[in-house]
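# Structural overview
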Amino acid sequence: MSKRTLAAIGCGGRTYTYVSLAMTHWRDRFDIVAAADPIRERAERLRSFAHTPASFRVFENDNALLAEERLADIMIIGTQDTHHVQPCLAAMQKGYDILLEKPIATRPADILMLADTARRLGRRVMVCHVLRYAPFYDQVKQCVDSGQLGEIRSIHASEGVGPWHFAHSYVRGHWRRSDTSCPMIVAKSCHDTDILAWLIGDPCISVASVGSLSHFRAACAPVGAPARCTDGCPHADTCPYNALQYLTAQRKWLAYVCDREQDHLDRGGAAPDAEIREWLQQAPWGRCVYRCDNDAPDHQTAQFQFAGGQTATLTVTAFDDGRNIEICGTRGVLRGGHALRHRAGLDADYMITDHATVNTTYHRVDEQSGGYDGHGGGDYGLVSQLYDEMTQPDPMAIRASIHRAVEGHLMAFAAEAARLHGRTIEMSGRMGMWSDPGSP
Ligand SMILES: NC(=O)c1ccc[n+]([C@@H]2O[C@H](COP(=O)([O-])OP(=O)(O)OC[C@H]3O[C@@H](n4cnc5c(N)ncnc54)[C@H](O)[C@@H]3O)[C@@H](O)[C@H]2O)c1
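What this report covers is the structure whose coordinates are included nearby.

Analysis parameters
Residues numbered from 1 in each chain as written. Predicted model: local features only at pLDDT ≥ 70, side-chain atom pairs only at ≥ 80, totals over all residues. Heavy atoms only, no water. Helix = DSSP H or I, 4+ residues; strand = E, 2+ residues; numbered from the N terminus. Rg over C-alpha atoms; globule rule 2.2 N^0.38 Å. Buried < 20%, exposed > 50% of the residue type's maximum accessible area, 1.4 Å probe, protein only. Contact = heavy atoms within 4.5 Å. Areas by Shrake-Rupley, 256 points an atom, 1.4 Å probe, with all protein chains shown as cover. Lys, Arg positive; Asp, Glu negative; His and termini not counted. Charge placed at Lys NZ, Arg CZ, Asp CG, Glu CD. Axes fitted to C-alpha atoms, helices over the stretch in contact; angles between N-to-C directions. Parallel < 35°, antiparallel > 145°, perpendicular 65-115°, else oblique. Left-handed = near helix turned anticlockwise from the far one by under 90°. Salt bridge = Lys/Arg side-chain N within 4 Å of Asp/Glu carboxyl O. Phe/Tyr/Trp six-rings, centres within 6.5 Å; stacked < 30°, edge-to-face > 60°. Lys NZ or Arg CZ within 6 Å of the ring centre and 35° of its normal. Pairing = 2+ DSSP bridges. Nonpolar A, V, L, I, M, F, W, Y, C, P; charged D, E, K, R; others polar. Near = heavy atom within 4 Å. Polar contact = N/O pair within 3.5 Å; in protein donor to acceptor, adjacent residues only side chain to side chain. Domains from an automatic or database assignment. Expected span 1.5 Å × (residues − 1).

Glancing now at the overall build of the protein chain. Within the protein chain, the secondary structure is distributed over 14 helices and 15 strands. What you see for the protein chain is a C-alpha radius of gyration of 22 Å, in line with the 22 Å of a compact globule of 440 residues. Taking the principal axes of its C-alpha atoms as reference, the protein chain extends roughly 60 × 60 × 50 Å. Among the 440 residues that make up the protein chain, the fraction classed as buried is 54%. Within the protein chain, residue pairs in contact and separated by at least 24 positions form 70% of the contacts whose partners lie at least 6 positions apart. Per element, the accessible surface of the protein chain, about 17,900 Å² overall, is 48% carbon and sulfur. Once the 45 positive and 52 negative side-chain charges of the protein chain are each reduced to a mean point, those two points are 1 Å apart.

Right, let's talk about the packing of helix α8 (residues 184–200) against helix α14 (residues 402–421) for a bit. Relative to each other, α8 and α14 sit at 125°, their axes nearing to 8 Å. Judged by the inter-axis angle, α8 sits oblique to α14. When you trace α8 past α14, the crossing you get is right-handed. Residues Ile185, Val186, Cys190, Thr193, Asp194, Leu196 and Ala197 of α8 touch α14, and the partners they reach there are Arg404, Ala405, Glu407, Gly408, His409, Met411, Ala412, Phe413, Ala415 and Glu416.

Looking at the element boundaries, Thr193 is found in helix α8. With a relative accessible area of 0%, Thr193 lands in the buried category. In contact with Thr193, other than residues within four places in its own chain, are Phe304, Leu314, Gly408, Met411 and Ala412.

Inspection of every chain in the model, using the stated rule, returns 29 salt bridges. Asp194 serves as the salt-bridge partner of Arg132, at 2.7 Å between the closest nitrogen and oxygen. Here Asp194 lies in helix α8 and Arg132 lies in the loop between β6 (125–127) and α6 (135–146), a separation of 62 residues in the sequence. A single salt-bridge network, built from bridges that share partners, covers Glu159, Lys188, Asp192 and Arg323.

Under the defined criterion, the tally for this structure stands at 14 aromatic pairs. Their ring planes at 80° and their centres at 6.1 Å tell us that Phe136 and Tyr350 sit as a pair that is edge-to-face. Taken together, the residues span a long stretch of sequence, with Phe136 in helix α6 and Tyr350 in strand β13 (residues 350–354) at a distance of 214 residues. Grouping residues by exposure puts Phe136 and Tyr350 together as buried. Through successive ring pairs, a cluster of aromatic residues spans Phe166, Tyr170, Trp175, Phe216, Tyr241, Tyr290 and Phe319. The aromatic ring of Trp164 is capped on one face by Arg172, whose charged end is 5.8 Å from the ring centroid. A cation over an aromatic ring shows up here: Arg399 above the ring of Tyr133, its NZ or CZ 5.8 Å from the ring centre.

What follows deals with the sheet that holds strand β8 (residues 204–212). Read across the sheet, 9 strands follow the order β14-β13-β12-β11-β7-β10-β9-β8-β15 without closing on themselves; strand pairing throughout is mixed. Since the sheet does not close on itself, it has two edges, and those belong to β14 (360–363) and β15 (425–426), each with one partner. Relative to β15, β8 is paired through 2 bridges, and the arrangement is antiparallel. Its bridge partner being in β15, Ser206 is matched across the sheet by Glu426. Packing against the sheet, α8 makes contact with β7 (152–161), β9 (299–306), β10 (311–317) and β11 (321–329), and its axis sits at approximately 155° to β10.

The strand order across the open sheet formed by 6 strands is β3-β2-β1-β4-β5-β6, and the pairing between neighbours is parallel. With one partner strand each, in any of the chains shown, β3 (57–59) and β6 form the two edges of the open sheet. Pairs of neighbouring strands in the sheet enclose a mean axial angle of 25°, with direction left out of account. Relative to strand β5 (residues 97–100), helix α4 (residues 85–94) is tilted by about 160°, and along the sheet it contacts β1 (4–9), β4 (74–77), β5 and β6. Across the face of the sheet, helix α13 (residues 378–389) comes into contact with β1, β2 (30–36), β5 and β6 while running at roughly 165° to β6.

Here we come to the packing of helix α1 (residues 13–25) against α13. Two numbers describe how α1 lies on α13: the axes approach to 10 Å, and their chain directions differ by 55°. As summarised for this structure, α1 and α13 are arranged oblique, according to the angle between their axes. The crossing of α1 and α13 is right-handed. Taken together, the residues of α13 that come into contact with α1 (itself represented by Arg14, Thr17, Tyr18, Leu21, Ala22 and His25) are Asp379, Tyr380, Leu382 and Val383. Of the residues assigned to the contact of α1 with α13, the class counts are 6 nonpolar, 2 polar and 2 charged.

What follows deals with the site of the ligand. Taken together, 28 residues form the shell around the ligand, and within it Arg14, Asp37, Arg42, Asp81 and His191 come nearest. Contact between the ligand and Gly10: a nitrogen atom at 3.4 Å from a main-chain N or O atom of the residue. His191 is positioned such that a nitrogen or oxygen atom in its side chain is 2.9 Å from an oxygen atom of the ligand. Looking at which domains feed residues into the shell around the ligand, each of domain 1 (4–131) and domain 2 (132–216 + 294–426) gives three or more.

Further remarks concern helix α5 (residues 108–121). Helix length check: α5 (14 residues) gives 20 Å between terminal C-alpha atoms against 20 Å at 1.5 Å per residue, within 8%. When α5 is considered as a whole, its buried residues turn out to be Pro108, Asp110, Ile111, Leu112, Leu114, Ala115, Thr117 and Ala118. On its buried side, α5 packs onto α4, β6 and α14. Looking one or two residues beyond α5, the residue adopting positive phi is Gly122, at roughly 70°.

So this is what it looks like as structure tokens:
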């Protein structure tokens, strides 16, 4: 088996996850040879995974790396949402196949442009739609394709982001504003719209959506709450979003955003609390959640119609945890996800009820391959398939190819346009998309 060499642009949390999985579990298939990040230590962190660390090359940014001749077979693009298009385009032109983080881009037109370029140049571009590689969704897809549920007529899906996760990412953090990242439903739920498109298999023809930012705003601030939790808030003991919880129950979130914590973890410990308190006094993550510059809606529901007459709804909310799905077919219904796994005490990840026999069967997804929670083993699943996907003769055949990922991305962008403009977006002839000048 000839190795595939990897290079990376943007060496934050996501890239580290993929590289560490690839180089720990499939070292015989991969080598990491170069990385670029303006925060040098993040790129350097990948050096130890290389087969020959001494020849691993570090660059200060994407431009510097891409100014070189092609250094590897596959480029991982793990920069933030607004900086995917330019390095992806340049890397494709240099001859790289690409592992591209979602969202593909922050504008629909750029998504179509990148897909067209990949097709024209014959590049393999695999989007990090980790749920397509998660054992739970893999089994659900097999069940749908087997015909056991008959023809799919409707799907109800929900995603509870989780109150703390939402506050961390969509109130205080990177994805709090659509103008500096992308709409919340794209950033968080293009995975979910992608799953809907994948399961239904027909093009989406119309999208409606409602939702708003109702809670994480100044009008909801408790009396006397200061700008920062570190300023001594009178509600510190009762507020679910007290940033000082980064020192205790919510410590795991720190490493994603605080290099000091990550540096200490790399050396086998955690940063001293005093250092983290000092960091919280100036970092966005120390702010009161009711006094941020956020505009991401904290709950949104979208409704989709597909060319075969199927319908689907998706609710994304800050105020619940985990993903759930109900797939209603002419012969049976499948219900699965977080609520079943954690709340009903059924010890099942999904259940199927047959309409003819009214018999219900309960199914468990193997914990070893990720169970259901989090990305449900999707990160591991994606990297386990990376070699085979990136050696596919036909780039279109990749399970999460950019060509397949376009549909779900456009559905999410259309949902945001529908929410903002208060009208149904017609998706037929989607290459031209909706012609509303105000659409994102
Ligand atoms: N697939 C998933 O399930 C999933 C989950 C979370 C995040 N994401 C997406 O993954 C992407 C990365 O997220 P993250 O949490 O790893 O972000 P991050 O902020 O931890 O990492 C991004 C890195 O890019 C670097 N960078 C900035 N400009 C650069 C440049 N010009 N050249 C090279 N590097 C540059 C930054 O210094 C940073 O280290 C985002 O688009 C995010 O939305 C995907």
